[in-house]
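# Observations on chain architecture
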Amino acid sequence: MQIRDATAPDRPAIVRIARASFDRVYAYFAVRGLRHAWPFLVAEGESSIVGFLEGILFRGTPSIGYVYFVAVDPQARGMGSGRALVQESLRLFRSRGADRVFAAVPRDNDPSMRLFESLGFERVARRVLWRWYRWRGLSVQMRMLLAPHEVLLARTFTDLPPASPQEGARAS
Ligand SMILES: CC(C)(COP(=O)(O)OP(=O)(O)OC[C@H]1O[C@@H](n2cnc3c(N)ncnc32)[C@H](O)[C@@H]1OP(=O)(O)O)[C@@H](O)C(=O)NCCC(=O)NCCS
């Protein structure tokens, strides 16, 4: 299995996996988000696409990463594709200067919660977006479309220097 950037011909497989993985509302947003996603990754098996990841990079100082959707074909789960996709997105977000990466997971979605926690994500209150990023945090939260039953998870890159003394004070 290999992780690479998604290309236009991957779209039908991605739509199929989204529909097999999410309920109608989430699948709708996952497909709608494909056009503007970055990073936009696929996991490729021997002969087909087995998973995808859609991210959003909120640019600024510092930038903020958001794993918007990650899904693996039900037939191909439990073989490391989900973890490999999220790991690669973390590397890419970091390479663009993000100091944190967020994900929102339905409270009862055990596989997803464990996947993110195994990669160092921690549950955080929604108000941290405001505390860490002030008004910018609120606009990021609006774009995240957080539903009431979703838990916000954050992975902080502690080894990155703060963008400015002011940001450093906010982050602590
Ligand atoms: C969440 C999802 C992407 C995981 O993909 P995957 O390829 O099966 O995951 P991996 O094989 O890489 O597993 C990585 C870790 O996730 C956790 N995990 C995966 N499947 C799990 C399960 N059924 N139960 C509990 N934990 C699970 C484990 O911690 C696992 O690590 P381990 O194998 O060392 O124990 C997949 O289950 C999926 O597509 N779910 C439906 C869509 C979804 O809910 N997406 C997330 C919200 S956007």
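The text that follows walks through the structure, step by step, so that each part is easy to find. All of these numbers come straight from a predicted model, not from anything done at the bench.

## Details of the site of the ligand
Near the ligand lie 20 residues; those nearest to it are Arg77, Gly82, Arg83, Pro111 and Leu115. Elements supplying a minimum of two residues to the shell around the ligand: strand E4 (63-72), helix H3 (81-95) and helix H4 (110-118). The element best represented in the shell around the ligand is H4, accounting for six residues. Across the shell around the ligand, the residue classes break down as eight nonpolar, eight polar and four charged.

## Re the nonpolar core
The biggest cluster of nonpolar side chains holds 39 residues, and the ones touching the most others in it are Phe52, Val67 and Ala103. Those elements that provide at least two residues to this core are helix H1 (11-21), strand E2 (40-44), strand E3 (49-58), E4, H3, strand E5 (98-106), helix H5 (127-133) and strand E7 (150-156). Counting residues per element, this core draws most heavily on E4, which supplies eight residues. Residues contacting Val67, with those up to four places away along its chain left out, are Leu53, Gly55, Val86, Ser89, Val101 and Ala103.

## Quick word on the environment of Pro39
Take Pro39: it is sitting in the loop between helix H2 (24-32) and E2. Among residues more than four places away in sequence, those in contact with Pro39 are Leu53, Gly55, Ser89 and Leu92.

## Quick word on the sheet that holds strand E6 (residues 122-124)
Taken in spatial order, the seven strands of this open sheet run E1-E2-E3-E4-E5-E7-E6, and their pairing is mixed. Where the open sheet ends on each side, the last strands, each with one partner, are strand E1 (2-5) and E6. Put simply, the sheet's adjacent strands are angled 30° from each other on average, direction ignored. Bridge analysis of E3 against E4 gives eight bridges, and the strand direction is antiparallel. Its bridge partner lying in E4, Leu53 is registered against Val70.

## Focus: H3
For H3, with 15 residues, the first-to-last C-alpha span of 21 Å sits near the 21 Å given by 1.5 Å per residue. Buried within H3 are the following residues: Ser81, Gly82, Leu85, Val86, Ser89, Leu90 and Phe93. With its phi angle positive at about 85°, Gly97 sits one or two positions after the end of H3.

## Let's talk about the environment of Glu88
Inspection of the secondary structure puts Glu88 in helix H3. Residue Glu88 is classed as partly exposed on the basis of its 18 C-beta neighbours within 10 Å. Counting along the chain gives 35 residues from Glu88 to Leu53, while the straight-line C-alpha distance between them is 9.6 Å. The contacts of Glu88, once residues within four sequence positions are left out, are Ile3 and Leu41.

Analysis parameters
Residues numbered from 1 in each chain as written. Predicted model: local features only at pLDDT ≥ 70, side-chain atom pairs only at ≥ 80, totals over all residues. Near = placed C-beta within 6 Å. Helix = DSSP H or I, 4+ residues; strand = E, 2+ residues; numbered from the N terminus. Nonpolar A, V, L, I, M, F, W, Y, C, P; charged D, E, K, R; others polar. Core = buried A, V, L, I, M, F, W, Y, C linked by C-beta atoms within 7 Å. Buried ≥ 20, exposed ≤ 12 C-beta atoms within 10 Å, placed from the backbone. Contact = placed C-beta atoms within 7 Å. Pairing = 2+ DSSP bridges. Axes fitted to C-alpha atoms, helices over the stretch in contact; angles between N-to-C directions. Expected span 1.5 Å × (residues − 1).

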